[in-house]
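# Chain and residue survey
Residue strings, one per chain:
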Amino acid sequence: MEGNTGKQEKIEEFRYYEMPMGRYDLALLGDKWITHYQTNEQHFHNFFEIAYCHYGEGFVYMGEESPSYQKGSITLIPANFPHGIQSAPGRVCFWEFLYVDIMGFAKNCGDEDACAKGKLLQNLINIPLLIEAGEYPRLSGLVLAILEENREKRFRNREAVNGYLYVLLQEMIRMDENMFRSQGSNMLHVEKIRPALVYVELHYSKEIKIKELARACSVSEPYFRRLFTECMNMAPLEYINMVRVQKACDFLKKEDLSMNALAWKVGFSSVSTLERNFKKIVGASPKQWKLKGAEGEFVSYRTRALRGW
């Protein structure tokens, strides 16, 4: 049995969804979502999430923020943004969830200004928010209408939902920009590079080019390099190497690998590259680190891929 180093492993689950054919929305409805929510593990999705609280109270964990929720609260969570719901002690809560391919819808809704609106939405949907129904009653009403259309599935349901989605996007664009500025410029910048962080987590064992990370964030490579360094206090390549060394530590604890095999599993091109970066970041060679019993190890972050809930 491995010794307990006293460092708790943090796990973020990736729950991915597939949109029904010809649709841009997927709703999770009904009694299944009446429960006591516990945030033992945060998770993230491949689509933008809109969630509505029918009743209950507690906290929503969104990055460094943990605002309280109550009946009528609505959360707007970007794709690939770790988050979680925590019910108040002893409270049962009822949430329903709507997943939307916003950019896909904006590009295919037949609006002449779709591209312009898409650019506006790109900023808006990259920031997690919790709002109250009383703050934006029209938006709240539209969310409830889409949930009900999905629940009832009446004639021309898809067309009705698309109509509501179109108006919903206009309401989101109208939302006061000051609301987003209040989240803080640093958080906004971090959200711009989050797709790159997710990409590295998923592809660390392969060759990663900086232009691929910039493309994932929909920005130019020079701008991405500046923005990433500003947010992370390290260059993109330094971050990639840090993640690979973290993964190497995980493998060293669990498996008896040759240095060649270890370098290959974590994406380093050679043993010398592995050992150079490992010593630079950890302060010892991989073999020395393992012999010392993994003292001063990193906190480990793992991502598990699950299909939906």
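Owing to the predicted nature of the structure, the values given are computational and were not obtained by experimental measurement.

What follows concerns the state of the cysteines. One covalent bond between the sulfur atoms of two cysteine residues makes up a disulfide. For the structure shown, the criterion picks out zero disulfides. Left without a disulfide partner, Cys 93 is nearest to the cysteine sulfur of Cys 53, which lies 5.8 Å away.

This part covers the pairing of strand β2 (residues 25–28). Judged by which residues are buried, β2 turns out to be covered on both faces: Asp 25 and Ala 27 on one side and Leu 26 and Leu 28 on the other are all buried. Relative to strand β10 (residues 93–100), β2 runs antiparallel, the two sharing four bridges. Counterpart to Leu 26 in the pairing with β10 is Tyr 99.

A complete count under the given rule lists nine aromatic pairs for this structure. Look at Tyr 69 and Trp 95: their rings are 4.9 Å apart centre to centre, the planes differ by 75°, and that puts the pair in the edge-to-face class. With Tyr 69 in strand β7 (residues 68–69) and Trp 95 in strand β10, this residue pair connects regions lying 26 residues apart in the sequence. Taking the centre distance of 5.6 Å and the plane angle of 65° together, the rings of Phe 228 and Tyr 239 count as edge-to-face. Placement of the pair is Phe 228 in helix α8 (residues 221–232) and Tyr 239 in helix α9 (residues 236–254), with a sequence separation of 11 residues. Take Phe 228: its relative accessible area is 1%, and that puts it in the buried class. On the basis of relative accessibility, which here comes to 12%, the residue Tyr 239 falls in the buried class.

Take empty space enclosed by the protein next. Enumeration over the complete set of coordinates arrives at three cavities of 30 Å³ or more. In this structure, the largest cavity occupies an estimated 60 Å³ of space. Lining the largest cavity are 11 residues, with His 43, Glu 49, His 83, Ile 85 and Phe 97 sitting closest to its centre. Taken together, the elements giving at least two residues each to the lining of the largest cavity come down to β5 (48–55), β8 (73–77) and β9 (83–87). Top contributing element to the lining of the largest cavity by residue count: β9, with three residues. Looking at the lining of the largest cavity residue by residue, the classes come out as six nonpolar, four polar and one charged.

Residue-level pLDDT values for the protein average 81, and 80% of them are 70 or greater. Within the protein, the lowest mean pLDDT, 45, falls on strand β12 (residues 301–307), and the highest, 97, falls on β10. Segment residues 294–305 is flagged for pLDDT under 50; beyond a separation of four residues in sequence, or across chains, it makes 37 contacts in the model.

Not every positive phi belongs to a glycine, and Arg 156 is a case in point at roughly 60°. Summarising the element assignment, Arg 156 is placed in the loop between α3 (137–152) and α4 (157–174). Residue class for Arg 156 comes out partly exposed when judged on its relative accessible area of 48%. In the Ramachandran plot, Ser 218 falls in the positive-phi region, its phi being about 60° despite a non-glycine side chain. Tracing the backbone shows Ser 218 in the loop between α7 (210–216) and α8. Residue classification places Ser 218 among the exposed positions, given a relative accessible area of 58%.

Position of Thr 75 among the secondary structure elements: in strand β8. On the basis of relative accessibility, which here comes to 3%, the residue Thr 75 falls in the buried class. For Thr 75, the residues in contact, after removing those within four places along its chain, are Glu 49, Ile 50, Ala 51, Val 60, Trp 95, Leu 129 and Leu 130.

Take the pattern of salt bridges next. Under the definition given, this model contains nine salt bridges. Close ionic contact of Asp 25 with Arg 23 constitutes a salt bridge, the shortest N to O distance being 3.1 Å. Ionic pairing is found between Glu 201 and Lys 247, a salt bridge with its closest N-O pair at 2.9 Å. Residue Glu 201 is found in helix α6 (residues 185–203), and its partner Lys 247 is found in helix α9; the two are separated by 46 residues along the sequence. We classify Lys 247 as buried; its relative accessible area is 9%. Taken together, the shared-partner salt bridges connect Glu 96, Glu 148 and Arg 151 into one network.

Counted at 1.5 Å a residue, the expected span for α8 with its 12 residues is 16 Å, and the 16 Å between its end C-alpha atoms agrees. Considered for burial, the residues of α8 that qualify are Phe 224, Leu 227, Phe 228 and Cys 231. Along the axis of α8, the buried residues cluster in a sector spanning 100°; they form a single face. Of the residues in α8, the exposed ones pointing more than 90 degrees away from the buried face are Arg 226 and Glu 230. Its side-chain oxygen 3.3 Å from the backbone nitrogen of Tyr 223, Ser 220 forms the N-cap of α8. Remark: Asn 233 follows α8 within two positions and exhibits a positive phi of approximately 60°.

Parameters and conventions
- Residues numbered from 1 in each chain as written.
- Predicted model: local features only at pLDDT ≥ 70, side-chain atom pairs only at ≥ 80, totals over all residues.
- Heavy atoms only, no water.
- Disulfide = S-S within 2.5 Å.
- Buried < 20%, exposed > 50% of the residue type's maximum accessible area, 1.4 Å probe, protein only.
- Helix = DSSP H or I, 4+ residues; strand = E, 2+ residues; numbered from the N terminus.
- Pairing = 2+ DSSP bridges.
- Phe/Tyr/Trp six-rings, centres within 6.5 Å; stacked < 30°, edge-to-face > 60°.
- 1 Å grid on protein atoms, 1.4 Å probe; cavity = no way out; pocket = protein on both sides within 12 Å on 5 of 7 lines; lining within 4 Å.
- Points joined across faces, edges and corners; volume = space filled by probe spheres on them.
- Nonpolar A, V, L, I, M, F, W, Y, C, P; charged D, E, K, R; others polar.
- pLDDT = per-residue confidence, 0-100.
- Contact = heavy atoms within 4.5 Å.
- Salt bridge = Lys/Arg side-chain N within 4 Å of Asp/Glu carboxyl O.
- Expected span 1.5 Å × (residues − 1).
- Arc of directions from axis to C-beta.
- Polar contact = N/O pair within 3.5 Å; in protein donor to acceptor, adjacent residues only side chain to side chain.

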